[in-house]
Amino acid sequence: MKTMIFKHLPAAIARTDFADDFLWGVSTSSYQIEGAATLDGRVPSIWDTFCATPGKIRDGSSGDVACDHYHLWEQDLDLAQSMGLNAYRFSIAWPRIFNGVDAEPNALGLAFYSKLVDGMLARGLQPWCTLYHWDLPQYLEDQGGWANRATVDAYLRYVDAVSRHLGSRVKHWITHNEPWCTAMHGNWDGMHAPGNKSLPLALQVCHNVLLSHGRAVPLIRANSPDAQVGIALSLHPVKPASDSAADLAAVARHDALRNRWFLDPLYGRGYPEQALQLVGKDAPQIEAGDMAAIAVGMDFLGVNYYFPEVVKDAPQQYPLRTEIVHPAERERTAFGWEVAPQGLTELLARVARDYPIGPLYVTENGSTYDDQVSADGSIDDQARRDYLIRHLAAMRDAITAGGNIRGYFAWSLLDNFEWAEGYLRRFGLTYIDYATQRRTLKHSGQWYSAFLHGAQN
Ligand code: IFM
């Protein structure tokens, strides 16, 4: 790979602004990049089923092949190493590890992740392993999925097998990626697999996912000596559409479900009373001991930050009586997501102020734009590069203000399967030509690499 080193970085930021042991990574996930959907004993996940259902994925695609990372993983790790990264976040595909409720762990599935982890270690990349990034085995969904407490037990079996197998080599574990999406997009708005549309179901899923997190933490610690265990939450600063009292009150209601519904129980406060009152009879079934299990205590919190949410008072909207609005004048990515680096600074300060979080890692942050390949094959994605620079500067501001932030993982190393959007959205620092599987580092990736290799303004 030819790396272009920028002599003049477009903003005053340098790696030396951060601690020497700061972690610089990229994030990926199994279903979005691996492909090899039927190889080596992998069974269908809810996403295979969802993708096969007409009308669910905007371009009618699936993760069947994706970036073929299952075969091209060495090339991808070489790329990550050459960029100067020192950490790599990946997820394990549960359907590769257990192919049935009563099955034994699949040796071929474990072997794939074993060689992947060895490959990271050989390249100086600290492995950050996410255990659940949305690819629930379909056979568990057929028995009620995450709404069925038996899925918590199945998850613990899976976590036990994986953490035993990799626990001496992987020291950083993330139990779940973005439980909001698992629960709410999967079961409330139905945008994601399995595509249900029921608030009570979504809240029960959410509770069971949090419970599975709490029960998994001690198991991982037992199997992986000196492990650091956390969770990655998608958090959003919530902003009022106006400074009216009604819109300010709407912010508090929205925040109670969007952010505090996750943060409060994880840090021992139970579900926020305000949100419980709003959802009323739709609240989840909670059994004795659940809330204590969820509040088990973590070694770090992973924050996935993309954009703030702007809300207004909307009395007709059940349950929060709020509506998300999209003010016209804001800068946005191709996805329509607001570009608001300051939101990252605010969010990191807010969680540190309101919760006893300990170390924080930005476990995802990134942008999608409509990339154009130039005649010479290069991809000059200036907007993504600027997004990256401005968010790194925002994170530096949070550290300067006293924040205990220890690492940053860009989403994502590669363009990949963007869930309901299929391949219409490109989040990668690396361009994927899906016809040839050729990888080309975009200018944003080249900038990140130059930054990591110590380029100065
Ligand atoms: O692609 C997703 C990822 O799987 C989870 N966090 C947000 C990303 C961009 O939508």
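Coordinates for the structure precede this section.
The shown structure was predicted, so the numbers you read here are calculated from the model rather than taken from an experiment.

Enquirer: Help me get a handle on the environment of leucine 199, residues and values and all.
Expert: Its location among the elements puts leucine 199 in helix α9 (residues 199-223). Sequence-distant contacts of leucine 199, that is, excluding residues within four places in its chain, are made with Trp188, Val279, Asp282, Tyr318 and Pro319.

Enquirer: I'd like a rundown of the nonpolar core, residues and numbers included.
Expert: Proteins that are soluble and globular tend to have nonpolar side chains buried together. Ranked by internal contacts, the top residues of the largest apolar core, which has 125 residues, are Trp47, Met395 and Tyr448. In terms of residues, this core owes the most to one element, α9, which gives eleven residues. Listed in part, the eight residues of the second largest apolar core include Trp128, Ile174, Phe300 and Phe409.

Enquirer: Give me the lowdown on the pairing of strand β12 (residues 430-433), citing residues and values where you can.
Expert: One ladder, built from four bridges, connects β12 with strand β13 (residues 438-441); its direction is antiparallel. Each bridged residue has a counterpart across the sheet, and for aspartate 433 the counterpart in β13 is arginine 438. Linking β12 to β13, which pair antiparallel, is a turn of four residues; within it glutamine 437 sits at a positive phi near 65°.

Enquirer: Please provide a residue-by-residue account of unusual backbone geometry, values included.
Expert: Here the bond from tyrosine 318 into proline 319 is cis, since omega is 0°, no more than 30 degrees from zero. By secondary structure assignment, the location of proline 319 is in the loop between β8 (309-313) and β9 (322-325). Here the bond from tryptophan 411 into serine 412 is cis, since omega is 10°, no more than 30 degrees from zero. On the secondary structure map, serine 412 appears in the loop between β11 (405-411) and β12. Positive phi is not limited to glycine here, since alanine 36 has a value of about 50°. Mapping alanine 36 onto the fold places it in the loop between α1 (30-33) and α2 (46-51). In this model, aspartate 40 sits at a positive phi of 55°, which is unusual for a non-glycine residue. Locating aspartate 40 in the fold gives a position in the loop between α1 and α2. A residue is classified by how much of its surface remains accessible, and aspartate 40, at 34% relative accessible area, is partly exposed.

What counts, and where the lines are drawn
All residue numbers refer to position in the chain's written sequence, counted from 1. The predicted nature of this model means local features are confined to residues of pLDDT at least 70 and side-chain atom pairs, given and counted, to a pLDDT of 80 or more, with totals for whole chains, interfaces and linings taken over all residues. In computing side-chain values, all of the structure's heavy atoms are included and hydrogens and water are not. By the criteria applied, helices consist of DSSP H or I runs no shorter than four residues and strands consist of E runs no shorter than two, each listed in order from the N terminus. Should any heavy atoms of two residues lie within 4.5 Å, those residues are counted as being in contact. Buried Ala, Val, Leu, Ile, Met, Phe, Trp, Tyr and Cys residues that are joined via side-chain atoms within 4.5 Å together make up what is termed a nonpolar core. For every residue, the accessible area (1.4 Å probe, protein chains only) is compared with the maximum for its type, and the residue is labelled buried under 20%, exposed over 50%, or partly exposed between those bounds. For two strands to be treated as a pair, DSSP must find no fewer than two bridges joining them.

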